[in-house]
Amino acid sequence: MNKKRTTKMKALFWLSSKIGRSPIILGQILKNILTGKRVYKERVKISKSGKKRKIHEPARYLKEIQRLINKKLLTEGRVSENAFGFSKGSVMEAIKPHLGSRIILTLDIKNAFPSVNRRMVFHLMNSHRKGLSFSWYVSEMLCRFTLHLGRLPQGAPTSPKIFDLFCARMDGRLTKLAKNVKEFYSRYADNIFFSMGNRRAKKNNLTAIPPKVKKAILRTIADRDKRRWIYADTRGLVAHKIREIDTRKRIPRLLGLSIVDGEIHNTRAFKRSLRKHIHHVRKLIEFNQNPEAGWLKLQGKMTFAQKDTMPQKLLEDFEKNKQEIKNRKE
């Protein structure tokens, strides 16, 4: 057995010991990945707006390995304190820094997961940064287990965490930029927010994010530093859906929530939907049908409800359903 093969086998056994799966099983899965045999199933997901998005669902045996990689290895990676959604935190935490701001710049990262390619992921795993310090061969194996056609796939449980780790450098630079110009930065999944407080806007008589600051934000996201991409075949991430909101002229809506007088409110559409679900569960109870599925869905929606600004009648109706279901179980 030559030296290269021996090193590969050591890497496989090391990975096996870390995630708790037999090296024989890992070797077979790697073989299936290399041959493209029963690895990913493609399906199309249509959003409410009618936009189509390709989802690559990993096979059950591969998804199990990806979950173990997430739990046993990627948790060591450090994510920015201003990044929310994928690895930690909630919508509320992402929006909170921007409450009361006069100007809010919002943008999305175009094709977020597919924008991160194999060379980026390999460099992340092998660069001894952000808490990750895997050997060359282990990094190569992790790329094979977590990527599809050389990109982060929509549908793999490892993609959100890897995306957050990859964006940690960008998050750090944008956080520093925000502090330098006395503004606020946060990211929720692939949504970026940059805002200007009232005090600074009034002091400098500003009605928009200064062009130099906006240009610096977009340049940081694109990451045009050629030295950074010496190991990558890309120029960085692409920002789109860029818009500036003047909160004096219109109510800002961020991630489906409205900011009114420095408070977070649910949209009217959300309240209508919540009212509909409450009524549906109520009817199931009245007609003595099993409300379990409808109740679980209602509970899920209720986690996004801003109770401090929600109509009292809706909260009371929800509590009535909750008490009725509790009585049924007893």
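Residues numbered from 1 in each chain as written. Predicted model: local features only at pLDDT ≥ 70, side-chain atom pairs only at ≥ 80, totals over all residues. Heavy atoms only, no water.

Engineer: Where do I start with the overall build of the chain in this structure?
Structural biologist: For the chain, the helix and strand inventory stands at twelve helices and ten strands. Dimensions of the chain, computed from C-alpha atoms along their principal axes, come out at roughly 75 × 65 × 30 Å. Counting all 330 residues of the chain, 47% fall into the buried class. Taking the intrachain contacts of the chain between residues at least 6 apart in sequence as the baseline, contacts between residues at least 24 apart amount to 68%. Accessible surface, the chain: about 19200 Å² in total, of which carbon and sulfur atoms supply 51%. Between the centroid of the 76 positive side chains of the chain and the centroid of its 27 negative side chains there is a distance of 8 Å. (Helix = DSSP H or I, 4+ residues; strand = E, 2+ residues; numbered from the N terminus. Buried < 20%, exposed > 50% of the residue type's maximum accessible area, 1.4 Å probe, protein only. Contact = heavy atoms within 4.5 Å. Areas by Shrake-Rupley, 256 points an atom, 1.4 Å probe, with all protein chains shown as cover. Lys, Arg positive; Asp, Glu negative; His and termini not counted. Charge placed at Lys NZ, Arg CZ, Asp CG, Glu CD.)

Engineer: Please explain the confidence of the model for the chain as it appears in this structure.
Structural biologist: Low pLDDT marks stretches whose predicted atomic positions should not be read closely. Chain-level pLDDT for the chain is 86 on average; 91% of the residues reach the 70-or-more range. Here helix α8 (residues 198–204) is the element of the chain with the lowest mean pLDDT, 66, and helix α6 (residues 136–146) is the one with the highest, 95. (pLDDT = per-residue confidence, 0-100.)

Engineer: Is there a simple way to explain the nonpolar core in this structure?
Structural biologist: A general tendency of soluble globular proteins is for nonpolar side chains to be buried together. F145, M170 and F194 are the most contacted members of the largest nonpolar core, which totals 61 residues. For this core, the element with the highest residue contribution is helix α7 (residues 159–180), accounting for nine residues. Excluding residues that lie within four positions of it along the chain, M170 makes contacts with I109, Y185, R187, I192, T220, I221 and L237. One finds L274, V281, A305 and L314 within the second-largest nonpolar core, a separate group that totals 14 residues. (Core = buried A, V, L, I, M, F, W, Y, C linked by side-chain atoms within 4.5 Å.)

Engineer: Teacher, can you tell me more about the sheet that holds strand β10 (residues 263–266) here?
Structural biologist: Think of a sheet as strands paired side by side through backbone hydrogen bonds, with each pair either parallel or antiparallel. Spatial ordering of the open sheet is given by β8-β9-β10, a layout of three strands whose pairing is antiparallel. In the strand order of this sheet, the two ends are held by β8 (253–254) and β10, each with one partner. Pairing analysis gives four bridges linking strand β9 (residues 257–260) to β10, with the strands arranged antiparallel. By the bridge assignment, L257 is partnered in β10 with N266. (Pairing = 2+ DSSP bridges.)

Engineer: Sorry, what's going on with the pattern of salt bridges here?
Structural biologist: A side chain of one charge can pair with a side chain of the opposite charge if their charged atoms are brought near each other. Evaluated as defined, the whole model comprises eleven salt bridges. E140 is the salt-bridge partner of R144, the closest N and O atoms lying 3.3 Å from each other. Within this pair, R144 and its partner E140 are both found in helix α6, separated by four residues, close to a single helical turn. The shortest N-O distance in the salt bridge between K283 and E286 comes to 3.6 Å. With K283 and E286 both in helix α10 (residues 268–286) and three residues apart, the pair spans about one turn of that helix. A relative accessible area of 34% places K283 in the partly exposed class. (Salt bridge = Lys/Arg side-chain N within 4 Å of Asp/Glu carboxyl O.)

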